[in-house]
Amino acid sequence: MDAVPGAATGDRWFPPLDATAQALQDLYLALNPDEHVETYLNRLCEHVVELVEDADMAGVTVLDQEGSASTAALTSQAVAVIDELQYRSGVGPCLEAAESAEIVVADQNAAVERWPGFATEARTYGVASFLSIPLPPLEAGVGTGAVNVYGCRPDGFARSEVALMNLFTTAAGYAISSTERYRGAHQLALELERALESRAVIDQAKGVLMAVHGVDAVAAFEMLVEKSQRSNTKLWVVAEELLASVRITDT
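Keep in mind that what you see is a predicted model, and the values were worked out from it rather than measured. (Residues numbered from 1 in each chain as written. Predicted model: local features only at pLDDT ≥ 70, side-chain atom pairs only at ≥ 80, totals over all residues. Heavy atoms only, no water.)

Trainee: Sorry, what's going on with the nonpolar core here?
Mentor: Nonpolar side chains tend to gather and get buried jointly when the protein is soluble and globular. V48 and M165 are the most contacted members of the largest nonpolar core, which has 26 residues in total. Breaking this core down by element, the ones donating at least two residues are α2 (37-51), β3 (57-63), β4 (69-74), β6 (129-134), β7 (144-151) and α7 (159-213). Sort the elements by how many residues they give to this core and α2 lands first, with 8 residues. The residues touching M165, leaving out its near neighbours within four places in the chain, are V48, V52, L131, I133, V147 and V149. If you look at the next biggest cluster of nonpolar residues, it comprises 21 residues, including M57, I82, L85 and Y150. (Core = buried A, V, L, I, M, F, W, Y, C linked by side-chain atoms within 4.5 Å. Buried < 20%, exposed > 50% of the residue type's maximum accessible area, 1.4 Å probe, protein only. Helix = DSSP H or I, 4+ residues; strand = E, 2+ residues; numbered from the N terminus. Contact = heavy atoms within 4.5 Å.)

Trainee: Is there a simple way to think about the pattern of salt bridges in this case?
Mentor: When the charged atoms of two side chains with opposite charge come close together, those side chains can pair. Evaluation of the coordinates by the stated rule reveals 4 salt bridges. A salt bridge links D54 to R153, with the nearest nitrogen and oxygen atoms 3.6 Å apart. One end of the pair, D54, is in the loop between α2 and β3; the other, R153, is in the loop between β7 and α7, and 99 residues separate them in sequence. Overall, R153 belongs to the partly exposed group, its relative accessible area being 32%. The partner of R230 in a salt bridge is E226, with the nearest N and O atoms 2.7 Å apart. Taken as a pair, R230 and E226 lie in helix α8 (residues 217-231) at a separation of 4 residues, close to a single helical turn. Classification of R230 by relative accessible area gives exposed; the value is 56%. For E226, a relative accessible area of 39% corresponds to the partly exposed category. (Salt bridge = Lys/Arg side-chain N within 4 Å of Asp/Glu carboxyl O.)

Structural data, given as structure tokens:
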């Protein structure tokens, strides 16, 4: 992978702050509540590989409320293979980071010591170093996740790279959280709007039944409910059909 111009630390390099700031700005502009969060996560992974010199590939692991793991974004299909090795064995950096909410970093020797079976299999795919940064929780009960960085160098990731990834992932993670909260609020507003519209339709249908059958509001509502249950149709649909039939009769 081409080196990213930046400041040197020993024989290792890390990108300057303006490159990180530009990447975060790009991610901010890419946020769109109307698009699925996976689009944003894939963009995040692309920037990770660009910013971290020792990163050869990156992905995002997500744990659902039952603890089942899946890969939500990746920069190459090899990431899916490495992730799946961890999911099958139940051990590995991505699972530890997502479950513990702590940074997990390991070079080749540390990986073999911590996860011997997984590390040995990963080495056959050229992966020797691991860095997993937990994402901030989106919302209570939604699940957890981690950004995973895989490298081919056996000596692991530099401290500067770990610090950079922590900063970058934390900022991006909270941006995702804000967008998801907006999406949730927007969806709730739409549902409330639909509920109000349905209530208005039902009230109109009750008025029609009261006028036609000479009954009170309670009896009219019971007539709608009875029709709804008998036809196994939602109440507001029954009300709409009644109003539509009245309009047709009028014309």
